[in-house]
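Observations on the model geometry
Letter by letter, the chains look like this.
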Amino acid sequence: MRMLPNADVYWNPWHGCRKVSEGCKNCYVYFLDRRYGRDASVIFRTKTVFNLPITRTREGVFKHPKGTTFMTCFNSDFFLEDADPWRPEAWDIMRQRQDCAFFLMTKRPERIAQNFPEDREHFQHLMIGVSTENQAAADRRLPGFLSFDLPYHGIMVGPILETVDLRPYLATGKVNQVTVSGESYEGARVTRYDDVRSIYLQCKEFNVPFHFLQTGNLWFQDGEIHHVARAKQRSLAKTIVFE
Ligand code: SF4
């Protein structure tokens, strides 16, 4: 079963996004853009990095070698409506790099089917994850996503805002991996041990790989809120025991 890859090279063919649900409230793209005096609701196609996966060295070989995983569109949402005119070119770039993998996350899975290329056989190297921050988002986004035939279906419960029952979706046998994440950056909401553990146990029940990515700024465990520095959130997550 394919697993979520480690971050390799970030490829951001467009930048900026529109908020669609509770999970977007403290979006890191907005937060980081504010720091640089930019407005993340202004969406634009990137110039210098749009063709990143197919850029070549002076010797004429691809700058990023065979086997590279491109973490795609992490400064936006790949299926954002505003990006409809640019997406066909991005698909074509992926088509040219069958020797690499592309991983992307979306909160707009209802747009996947209508925006997916017809030559699906050329996209076996594509891994898509859907973000579901709460039960309502999971129930809205996951049924359609899982019914669309893809080589990889990932679920990201992040930022996790409550206990989410994923069992009906895990029971389909179509989920490759579940990742859970707390919320970082300004305004972060509390991540509760019990909520994360519940998903861990569900994954265990259905034998689906589970990954706890980070605790977030505010980690609630044993009746106490722990303030966790951004730099330590991933390493702390690795030490948490859910058994
Ligand atoms: S969909 Fe993702 S990138 Fe877009 S606003 Fe929401 S959290 Fe931010």
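A few points on the structure.

1. Here's the deal with the overall build of the protein chain
- Along its length, the protein chain carries 7 helices and 12 strands.
- For a compact globule of 243 residues, the expected C-alpha radius of gyration is about 18 Å, and the protein chain comes in at 18 Å, within 12% of that figure.
- Viewed in the frame of its principal axes, the protein chain has a C-alpha envelope of about 60 × 45 × 30 Å.
- Taking all 243 residues of the protein chain together, 35% fall into the buried category.
- Look at the contacts in the protein chain between residues 6 or more apart in sequence, and 75% of them connect residues 24 or more apart.

2. Let's talk about the sheet that holds strand β12 (residues 224–227)
- Taken in spatial order, the 3 strands make up an open sheet running β9-β11-β12, and their pairing is mixed. For this open sheet the edge positions go to β9 (191–192) and β12, each flanked by a neighbour on one side alone.
- Note: strand β11 (residues 218–221) against β12, 4 bridges, orientation antiparallel. Bridging across to β12, leucine 218 finds its partner in histidine 227.

3. Overview of the site of the ligand
- Taken together, Cys17, Lys19, Val20, Gly23, Cys24, Cys27, Val29, Ser76, Asp77 and Lys107 make up the full set of residues near the ligand.
- In terms of residue class, the shell around the ligand is built from 5 nonpolar, 2 polar and 3 charged.

4. Quick notes on the environment of glycine 216
- Residue placement: glycine 216 occurs in the loop between β10 (210–214) and β11.
- Residues glycine 216 and phenylalanine 123 lie 93 residues apart in sequence; the distance between their C-alpha atoms is 33 Å.
- Here glycine 216 is in contact with Pro159, Gly182, Glu183, Ser184, Ala188, Thr191 and Gln233, once residues within four sequence places are set aside.

5. Quick word on unusual backbone geometry
- For the peptide bond that leads from glycine 158 to proline 159, omega is -10°, which places it in the cis range.
- Of note, tyrosine 185 is a non-glycine position whose phi angle comes to about 70°, a positive value.
- Residue placement: tyrosine 185 occurs in the loop between β8 (177–181) and β9.
- By C-beta crowding, tyrosine 185 is classed as partly exposed, having 17 other C-beta atoms within 10 Å.

6. Side note on the nonpolar core
- Counting residues in each nonpolar core, the largest one holds 24 residues, and the members touching the most others are Leu142, Ile155, Val157, Leu166, Val178, Val180 and Ile199.
- Only α4 (135–147), β7 (153–157), α5 (167–170), β8 and α6 (193–206) provide two or more residues apiece to this core.
- Sequence-distant contacts of isoleucine 199, that is, excluding residues within four places in its chain, are made with Val157, Val164, Leu166, Val178, Val180 and Phe210.
- Judged by nonpolar contacts, the second largest core, of 21 residues, contains Trp14, Phe102, Met127 and Ile128.

7. Digging into the environment of aspartate 195
- In this fold, aspartate 195 is placed in helix α6.
- When residues no more than four places from it in sequence are discounted, the contact partners of aspartate 195 are Ile160, Glu162 and Thr163.

8. Structural notes on α4
- The terminal C-alpha atoms of α4, which comprises 13 residues, lie 18 Å apart, in line with the 18 Å expected from a rise of 1.5 Å per residue.
- Along α4, the residues that are buried comprise Ala137, Ala138, Arg141, Leu142, Phe145 and Leu146.
- Buried positions along α4 lie against α3 (112–115), β6 (126–131), β7 and α5.

9. Comments concerning the pairing of β8
- Burial analysis of β8 places 5 of its 5 residues in the buried class, the great majority of the element.
- Residues Gln177, Thr179 and Ser181 line one face of β8 and the alternating positions Val178 and Val180 line the opposite face, and both faces are buried.
- Both β7 and β8 contribute to a ladder of 4 bridges, which runs parallel. Across the sheet, glycine 154 pairs through a bridge with glutamine 177, a residue of β8.
- Here β8 pairs with β10 via 4 bridges, running parallel. For serine 181, the partnering residue across the bridge sits in β10 and is glutamine 214.

Analysis parameters
- Residues numbered from 1 in each chain as written.
- Predicted model: local features only at pLDDT ≥ 70, side-chain atom pairs only at ≥ 80, totals over all residues.
- Helix = DSSP H or I, 4+ residues; strand = E, 2+ residues; numbered from the N terminus.
- Rg over C-alpha atoms; globule rule 2.2 N^0.38 Å.
- Buried ≥ 20, exposed ≤ 12 C-beta atoms within 10 Å, placed from the backbone.
- Contact = placed C-beta atoms within 7 Å.
- Pairing = 2+ DSSP bridges.
- Near = placed C-beta within 6 Å.
- Nonpolar A, V, L, I, M, F, W, Y, C, P; charged D, E, K, R; others polar.
- Core = buried A, V, L, I, M, F, W, Y, C linked by C-beta atoms within 7 Å.
- Expected span 1.5 Å × (residues − 1).

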